[in-house]
Amino acid sequence: MARRLDDITSFDPAESYEFTNNEIDGNCYRRLVAPDPDDARRLVGDVAAAWDAAPDGSRFTFHLRPDVTFATGRPVTADDAAFSLARVVRLDRAPGFIIRQFGWTADNVDRLIRAEDARTLVLDVPRPAAAGYVLHCLSANAGSIVDRDTVRAHAVGDDLGRGWLARHTAGAGPYRLTAFEASDHVTLERNPHAAGPARMARIVLRHVPDPSAQRLLLARGDVDIARDLTADQLAGLAGDPRFSLVSAAQATSLYVAMNQAHALLRAPDMIAALKWAIDYDGIAAWLTPRTWDVCQSFLPSCLPGAIGDRPYHHDPDRARALLARVGVARGTPVTLDFATAAPSADIAQVIQANLAAIGLAVTLIPGDQRQVITRTRQRRHQLALMGWGADYFDPNSNAQAFCENPDDGEDGPLKIVAWRSHYRDPALDAASRAAGRETDEARRLADYAALQRRFMATAPFVMLLQQNAVAALGPGVAGLRLGALPDFTRYGTITRH
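Residues numbered from 1 in each chain as written. Predicted model: local features only at pLDDT ≥ 70, side-chain atom pairs only at ≥ 80, totals over all residues. Heavy atoms only, no water.

Chemist: Would you mind going over helix α8 (residues 211-220) in detail, with residue names and values included?
Modeler: Burial in α8 covers these residues: Gln214, Leu217 and Leu218. Taken down its axis, α8 places every buried residue within 100° of arc, on the same side. Buried-residue contacts for α8 involve β1 (2-3), β10 (202-207), β11 (225-226), α9 (231-238) and β17 (461-473). One side-chain oxygen at the N-terminal end of α8 lies 3.1 Å from the backbone nitrogen of Ser212; it belongs to Asp210. Positive backbone phi, approximately 80°, marks Gly221, located one or two places after α8. (Buried < 20%, exposed > 50% of the residue type's maximum accessible area, 1.4 Å probe, protein only. Helix = DSSP H or I, 4+ residues; strand = E, 2+ residues; numbered from the N terminus. Arc of directions from axis to C-beta. Contact = heavy atoms within 4.5 Å. Polar contact = N/O pair within 3.5 Å; in protein donor to acceptor, adjacent residues only side chain to side chain.)

Given below as structure tokens:
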């Protein structure tokens, strides 16, 4: 498999927060619950055969399967699951908030997350929440169950095995990590003890950052799967019977942020004008076919609670009329930060042309991804073309990011999307928090639907596109299942004839 591998930092599920290492972990570990491969919005048991949830969201009891086995051959027990979740809380690395947000701390975790016997795990939740919310967070990579005995055997001091797990795995998934060289390759071998073992004995991922090189290797048969081909390259393969394409909608969004620190961008008519100015369908059809689709909500279509409304289309006359009401003079300057990586550079040029057509003179400020993220985190942008991926597979992840900003000061507790653009709508913030606390699942999803529509109408963000992951498979290769999140992608069903 050829793909970019230069984002790998650690394979430890308590620390892994990047696309590639999360995908690897998804094939080396199992969790209490997991997304249904046919519909990621539906959760099914993984290590857990069944579970019970208190109506008020204060306690969850999981009954574990007896036939799940680590790569060492040792059965997975409730003690392993309790140790794994407590370990995430104690280490408190980047993804730790996904588990900690329900009120578990280093001081209370041993009391609140416990094994009643080898097959029964009890979670007492200090901050009760909807069952779907808690379960989706447990399905995240941070919820992976590690082999307690193996991790303890490799612990150094009080690191809870973090140093060793950075370059090794200790899971019960279909594969185990056997070799890793940074920015070069990753080798996975079949877990011989896994229930329903993987079809392929070995998967080798090669670091090939150039899509053209990936395409050449695929054509020559030097790789079986290419993961990062461009829209043009995918179009060329679509009509070739030797190759097949597989795709999946991703929980990744592309949007334009309007920094509310700038008076020009605060007027509601200015915000609306930008939303009517953009040629959404033209961008998707001409720049990102197969790879990005139009999505105007902060919830991509694959996430639970997504509504799929598209209230805006390319209407420059309407946008110009809105600007006239604000009194914006023709040629008014504004800057747009964007990353030079595809497809952002091409999209930024279309946005520049779209806004020029309504009278705004856009100066493009290119940079690498790290530079653009740094500028927006420092709140130094005017407009910024940005990407955002859900941290976990629940609507609360993106609702919190885009709608909540309880304190806009420099020490605000949520320094994510809304905060970075000085966007604070107390009513929207309160509605998002209330949706996160709602324990009735039907009411909760209805609350998120209303939240999305209010956000679309008023928020200073132009939601543009939702990513599709597309992989090209060579002759005789089948069975790769791409996921809505990287760690939902599955290798175990891959076959090669």
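We are not done yet, so read on.
Chemist: Could you give me a rundown of the pattern of salt bridges, with the residues and numbers involved?
Modeler: Across all of its chains, the model carries 37 salt bridges by this definition. Between Arg325 and Asp269 there is a salt bridge, with its nearest N and O atoms 3.3 Å apart. One end of the pair, Arg325, is in helix α12 (residues 316-326); the other, Asp269, is in helix α10 (residues 268-277), and 56 residues separate them in sequence. You can call Arg325 exposed: its relative accessible area is 63%. Arg375 is the salt-bridge partner of Asp337, the closest N and O atoms lying 2.6 Å from each other. (Salt bridge = Lys/Arg side-chain N within 4 Å of Asp/Glu carboxyl O.)

Chemist: Run through the nonpolar core, naming residues and quoting values.
Modeler: Counting residues in each nonpolar core, the largest one holds 42 residues, and the members touching the most others are Leu32, Phe62, Trp104, Leu121, Leu123 and Leu138. Of all the secondary structure elements, the ones that give two or more residues to this core are β5 (59-64), α2 (78-91), α3 (97-100), α4 (109-112), β7 (120-124) and α5 (131-138). If one sorts the elements of this core by residue count, α2 sits on top with 8 residues. Excluding its chain neighbours within four sequence positions, the residues that come into contact with Leu123 are Ser58, Arg59, Phe60, Phe62, Leu85, Trp104, Leu112, Ile113 and Leu138. Counting residues in hydrophobic clusters, the runner-up holds 38 residues, among them Val256, Trp292, Ala345 and Leu385. (Core = buried A, V, L, I, M, F, W, Y, C linked by side-chain atoms within 4.5 Å.)

Chemist: Go over the sheet that holds β7, please, and point to the residues and values.
Modeler: Sheet architecture is open: 4 strands sit in the order β4-β5-β7-β6, paired in antiparallel fashion. Each edge of the sheet is formed by a strand with only one pairing partner; in this case those strands are β4 (48-53) and β6 (113-117). Averaged over all neighbouring strand pairs, the angle between strand axes comes to 20°, with direction disregarded. As defined by bridge partners, β4 adjoins β5 across 5 bridges and the pair is classed as antiparallel. Following the sheet pairing, Ala50 is matched in β5 by His63. Relative to β6, α2 is tilted by about 175°, and along the sheet it contacts β5, β6 and β7. Relative to β5, α5 is tilted by about 50°, and along the sheet it contacts β4, β5 and β7. (Pairing = 2+ DSSP bridges. Axes fitted to C-alpha atoms, helices over the stretch in contact; angles between N-to-C directions.)

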